[in-house]
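# Results of the structural survey
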Amino acid sequence: MTFYRSVCPPDYPDACGLLVEVKNSKVTKVNGDPQHPYTKGFICAKMRSYPDLIHSPKRILEPLKRNGLKGSGIFTPISWEEALATIASK
Ligand code: SF4
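What you see is a predicted model; the values in this text were computed from it and never measured.

Moving on, we come to the overall build of the protein chain. Along the protein chain, the regular secondary structure elements total three helices and five strands. Written out in order from the N terminus, the α and β elements of the protein chain read β-β-β-α-α-β-β-α. Its C-alpha atoms give the protein chain principal-axis dimensions of about 50 × 30 × 25 Å. Out of the 90 residues in the protein chain, the part that is buried amounts to 4%. Long-range pairs, those at least 24 residues apart, make up 16% of the contacts in the protein chain between residues at least 6 apart in sequence.

This part takes up the domain arrangement of the protein chain. According to the domain assignment, the protein chain consists of domain 1 (2-54) and domain 2 (60-90). For domain 1 versus domain 2, the separation of C-alpha centres amounts to 31 Å.

With that settled, consider the sheet that holds strand β3 (residues 26-32). The strand order across the open sheet formed by three strands is β1-β2-β3, and the pairing between neighbours is antiparallel. At either margin of the open sheet sits one strand with a lone partner, and together these are β1 (2-7) and β3. Mean inter-strand twist for the sheet, computed between neighbouring axes without regard to direction, equals 30 degrees. Examined bridge by bridge, β1 and strand β2 (residues 17-23) share six bridges and lie antiparallel to one another.

Glancing now at the environment of Phe75. As for its position among the elements, Phe75 is in strand β5 (residues 75-77). Here the alpha-carbon distance between Phe75 and Glu21, two residues 54 residues apart in the chain, equals 34 Å. Residues contacting Phe75, with those up to four places away along its chain left out, are Leu64, Lys65, Arg66 and Asn67.

Attention now moves to the pairing of β2. Bridge count for β2 against β3 is six bridges, and the pairing is antiparallel. When the bridges of β3 are listed, Leu18 appears paired with Gly32. Hairpin connection, β2 to β3: the antiparallel pair is bridged by two residues, and Asn24 has positive phi, about 50 degrees.

Here Ala15, not a glycine, exhibits a phi torsion of approximately 40 degrees, which is positive. As for its position among the elements, Ala15 is in the loop between β1 and β2. For Asn24, which is not glycine, the phi dihedral falls at a positive 50 degrees. Topologically, Asn24 is positioned in the loop between β2 and β3.

What counts and how
Residues numbered from 1 in each chain as written. Predicted model: local features only at pLDDT ≥ 70, side-chain atom pairs only at ≥ 80, totals over all residues. Helix = DSSP H or I, 4+ residues; strand = E, 2+ residues; numbered from the N terminus. Buried ≥ 20, exposed ≤ 12 C-beta atoms within 10 Å, placed from the backbone. Contact = placed C-beta atoms within 7 Å. Domains from an automatic or database assignment. Pairing = 2+ DSSP bridges. Axes fitted to C-alpha atoms, helices over the stretch in contact; angles between N-to-C directions.

In structure tokens:
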């Protein structure tokens, strides 16, 4: 088990300091960093459950392009190159 010092990824002004526990290449726990000069060990409930989010089997790991009407929920995987080209063209 290894601990890494990090900061919370959302763009919040306080950028809470994190101590991230990693075991067998997986994030197993996220705690606040008590040595952070401003947040002093605080993190919110959302970040405490971050390991569940990043290792969720439902996590989207590739670009998806919608097929059909908005809200139909039908998507097709596309390459990162196609996704970036599509976004850049719009
Ligand atoms: S731990 Fe929570 S409150 Fe702190 S920066 Fe991250 S999302 Fe915001």
